[in-house]
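# Observations on the three-dimensional arrangement
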Amino acid sequence: MVLELHVWGPAFGLPSIDADCIAAVAYFHHTVPPPQWILVADIQTSVGPQYECPFLIDGNARISGFSAIISYLRKHPSRPYDIDYGLSQEQQTDRTAFTSFIQTTANPLIDLSLYVSSDNYSSATSSAYTAILPWYANYTIPPARRDLARARTAHLGLSSLDVHAARQDGSQSGSGSLGSEFEGAKRASGLPTDSRLTNPKMLSMGRGKGVQGLLSSPIYAARFRLDALTNDLLEPLSDLLGRKKYLLREDRASSLDCLAFAYLALMFYPPVPQAWLREVMTTKYPRITKYMGRMREELLSSEVVSAADVWFISSHNGTDAEVERARHQRGMHLPWRPKSDQTRLSTSVFAIRETISNLPLIGSVLQSNALIHTSVSKRTRKPTSALPSPLFINVVFTFSTALIAAFSGMAIHHRNSPRQGDLIFRALRPSLGFEGFEAGNILSVLAGPYARMSTNGV
Amino acid sequence: MPPEHQAGDESPGPVQRPRTSGGIFAVPAPIKRLFDQFPLVTYPANDLPLRAPQNRDRHVLYIFATADGAESGAPSYNPACLKWQTYLKFCNVDFATVSSSNHASPSGSLPFLLPSSADISKSAPPVPSGKLQRWTANASASPVEEPSDLRYEAYLSLLDHRIRRAWLYSVYLSDNFTAIAEPLYILPTSRNPLVRLTIAHELRSAAEKELLKFSAVIDPDFLYAEADEAFAALESVLGSDKWFFEAKRPGLFDASVFAYTHLLIDESLGNGWVDERLRDLVLRRKGMVTHRNKILTTFFK
């Protein structure tokens, strides 16, 4: 049975834009022999995110997530592919701990560097997504992933990176004189400008503000925090690596190496303008950088994956032999294959679904529940809640909605056909009281008590 | 010269006019006489309300706890609060606990500590949980030194992420919600059923949102499997030692572990556990149970 690995498409010369996907590809490339696995560049929809990339299809089994895939392969029925074979008990617990450590410490760094920092996002990440996504998904998926990254890093208090730096600079320097306004207008209309405003960031850096002004500008103030965060990740890793060839042992790579490589590569290789991660890695941790280069050679044969080539393969409609030939012509080592169910109908259905689910209000209604409920077999007792039951709430809610609807209906009706002539109160006899009860005539019932009161008074 | 002369002539006019008429702020004579009739009485100072801070000579830690539990210094039912409560006990800091809620905290989350001050007029600023460790190092006579093990951070991430996520699911999203989260976090806050319902909904959606940050789906089996791996790793790193990382005295790491294991093992938490999957994972690890019992009997008597 061929193992089918679905990942996010390639970016920055790496096999995927997502760290866990890179780790999974590296693991497969290193462990599973080529004819037994294939690689599919997939995209993850925001509708029904049942399977998260990377996910593995093996017959009927579907496993998603890097650690779940690894533990599945370890216990694979036909032939276990275990890269971690021969680890001692202590090394295994270290692997668990450092896997969690890398995922939780490196993820915020990548989020900040590729998604939150507006400079980096607009110049590197969004164009990388354009190369791997169909056109309609470009409007929904990258912004959604960026929002998620913002939410994940909100507690770090580094949202100052998330400013549109270029626009801010432009408006600051443009507020001065008529001439600069003119330049701004020229720039906005796309004409080439000839003043120094064309590169405002280079020239206005620290100008007229002194050293303190320079340090308090967002990127520099954040820089201290960012370096501290980067050190939090790289120092323990550097200590763990020591003088060894791999993180855990001397002679062979482990799954921890795949994961560490994936995260370090996404920190190092993307050509971003604010490259503080790469600077810290090259200046302070040369050993880690060298280790990462070595891992790229060993785990991925140093292949620079081209997004255009992979796009060509995944949209290929030919037979397996044709795909294979196209792959060899382009010198691609990884076993990329086209997506199996790619018909025009399914694409348009997907596009429509994706668009509708991102509309406000409607999207939140259609959003499928992300919570998987599992039944607990040994439940001994059902706890009773002191809160009002959902049934009660629904009854109250329905009742009040009906009431509000009735009143607004009345108001609209009254507005459309306002009463002509004088307002006359009539005393209704009790026996006739409910004969006049009609939808449009409800006002007379409301008027009833007053009428009765007035008759009593008289 | 002429304009200056003019100005010099005119200026005394407007300055002198209010002086002669007494100004608009002066009290008119009849009203002044009327007010002079009333004697000035100074009332004695009111007594302090009963809930006012009584023991300013002790440090006070504000935590999630029942009123009785806070009085007797029982372990808090919130992992974050219990962690710092235990840590302060490890460091031999004398402190009182007060039951509180997130709204009372300057940082928006419990716990926080109000240091004692000899001088009532100038009280020390509250210490949020993020700065408690440094504060303890200064305040304690015998602060605990954290082991400088290179694996420390890595194993801490197991607690702060894997076990925390499983805890969040287990307490807020599983059947335990009605049995544990409801009596502990919701019912004490209000008696109004609508307010209670809103708080319950907010708690659940906050927990769900927190979990969705890290994966697109919340799969309890996966969360529990991750937590099980984490507990196994923690047990094996503890080994046969008394405290984590071969320390002579328990430190912040032991407090962090205890904060989860104690609450999971405690069978009378809230109204008792209903979904016992996470609890069973801890109970199976004998090393963790021993570690928890040791701390409970030594420091919470």
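Each value, and the rule that gives it
- Residues numbered from 1 in each chain as written.
- Chains lettered and ligands numbered in written order.
- Predicted model: local features only at pLDDT ≥ 70, side-chain atom pairs only at ≥ 80, totals over all residues.
- Heavy atoms only, no water.
- Salt bridge = Lys/Arg side-chain N within 4 Å of Asp/Glu carboxyl O.
- Helix = DSSP H or I, 4+ residues; strand = E, 2+ residues; numbered from the N terminus.
- Buried < 20%, exposed > 50% of the residue type's maximum accessible area, 1.4 Å probe, protein only.
- Contact = heavy atoms within 4.5 Å.
- Patch = residues over 30% accessible without salt bridge, like charges linked within 9 Å, V, L, I, M, F, W, Y side chains within 5 Å.
- Areas by Shrake-Rupley, 256 points an atom, 1.4 Å probe, with all protein chains shown as cover.
- Lys, Arg positive; Asp, Glu negative; His and termini not counted.
- Charge placed at Lys NZ, Arg CZ, Asp CG, Glu CD.
- Pairing = 2+ DSSP bridges.
- Expected span 1.5 Å × (residues − 1).
- Bend = angle between axes of the 7 residues up to and from the residue.

## Points about the pattern of salt bridges
Scanning the entire structure with this criterion turns up 22 salt bridges over all chains. Linking Glu324(A) and Arg337(A) is a salt bridge whose minimum nitrogen-to-oxygen distance equals 3.1 Å. Highlighted residues: Glu324(A) in helix H15 (residues 320-329) and Arg337(A) in strand S5 (residues 336-337), separated in sequence by 13 residues. Taking the relative accessible area as the measure of exposure, Glu324(A) reaches 24% and is therefore partly exposed. Looking at Arg337(A), the relative accessible area reads 17%, which means it is buried. Taking the shortest distance from any N to any O, the salt bridge between Arg164(B) and Glu210(B) comes out at 3.6 Å. Of the two residues, Arg164(B) sits in helix H7 (residues 152-173) while Glu210(B) sits in helix H9 (residues 193-212), which places them 46 residues apart along the sequence. The class for Arg164(B) is partly exposed, based on a relative accessible area of 31%. Put simply, Glu90(A), Asp94(A) and Arg151(B) are held in one network by salt bridges that share partners.

## A word on the environment of Val93(B)
Here Val93(B) lies in the loop between helix H5 (79-90) and strand S2 (95-99). Apart from the residues within four sequence positions on either side, Val93(B) is in contact with His59(B), Leu88(B), Trp135(B), Thr136(B) and Ser140(B).

## Some points on a positive patch on the surface
All names here are of chain A. Residues Arg-243, Lys-245, Arg-287, Lys-290 and Arg-294 make up a contiguous surface patch of positive charge. Relative to the elements of secondary structure, Lys-290 occurs in helix H13 (residues 286-300). Among the residues examined, Lys-290 registers a relative accessible area of 62% and is labelled exposed.

## Considering the sheet that holds S2(B)
Residue and element names in this part refer to chain B. Spatially, S2-S1-S3-S4 is the arrangement adopted by the four strands of the open sheet, whose pairing is mixed. Both edges of this open sheet fall to S2 and strand S4 (127-128), since each of them pairs with a single strand only. Both strand S1 (residues 59-63) and S2 contribute to a ladder of five bridges, which runs parallel. Each bridged residue has a counterpart across the sheet, and for Val-60 the counterpart in S2 is Ala-96.

## Examining H7(B)
Residues and elements named next belong to chain B. Taking 1.5 Å per residue as the helical rise, H7 with its 22 residues ought to reach 32 Å, and the 30 Å between its terminal C-alpha atoms agrees with that figure. Where H7 bends most, at Arg-164, the angle is about 35°. Among the 22 residues of H7, 18 are classified as buried, and the element is accordingly described as predominantly covered.

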